[in-house]
Amino acid sequence: MLAALLARAADWRYGYELTKEIGLPSGTLYPVLMRLADQGLLDAEWRASDRPGAPPRHAYRLSRTGVAFALASVDAAAATNTLPGATLA
């Protein structure tokens with residue numbers, strides 16, 4: 001998950017988009033996103049939908065601290081030959 005967020009660190013991303021990209025079910029993804037936001041590693045905000053009448057959606061992106069954490073975590077995972085994000089957050 002961190003590698004996916006890091007690939008587009010400046011972009012606001014929706015949880016649904018991340019579930020499709022990384023293959024985590026929403027019941028796993030959203031608690032991790034909330035934990036990362038609570039730790040100051042993600043910025044999170046409600047964003048208006050592009051579709052008329054649709055409710056706002058929660059969007060996420062790495063904070064400055066989160067970018068540094070993600071870079072270090074992905075580098076550490078590469079050094080130990082593990083999947084980025086597999087045991088992080």
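Conventions adopted
Residues numbered from 1 in each chain as written. Predicted model: local features only at pLDDT ≥ 70, side-chain atom pairs only at ≥ 80, totals over all residues. Heavy atoms only, no water. Patch = residues over 30% accessible without salt bridge, like charges linked within 9 Å, V, L, I, M, F, W, Y side chains within 5 Å. Areas by Shrake-Rupley, 256 points an atom, 1.4 Å probe, with all protein chains shown as cover. Salt bridge = Lys/Arg side-chain N within 4 Å of Asp/Glu carboxyl O. Helix = DSSP H or I, 4+ residues; strand = E, 2+ residues; numbered from the N terminus. Pairing = 2+ DSSP bridges.

Here we look at a nonpolar patch on the surface
So, step 1. Together, Tyr16, Tyr30 and Met34 line one region of the surface with nonpolar side chains, adding up to about 320 Å² of accessible area.
So, step 2. Inspection of the secondary structure puts Tyr30 in helix H3 (residues 26-38).

Remarks on the sheet that holds strand E2 (residues 42-47)
So, step 1. Across the sheet, three strands lie side by side as E1-E3-E2; this open sheet has antiparallel pairing. Both outer strands of the open sheet, strand E1 (13-14) and E2, are each paired with one neighbouring strand and no more.
So, step 2. Looking at chain direction, E2 and strand E3 (residues 57-62) are connected through six bridges and run antiparallel. Its bridge partner lying in E3, Ala44 is registered against Tyr60.

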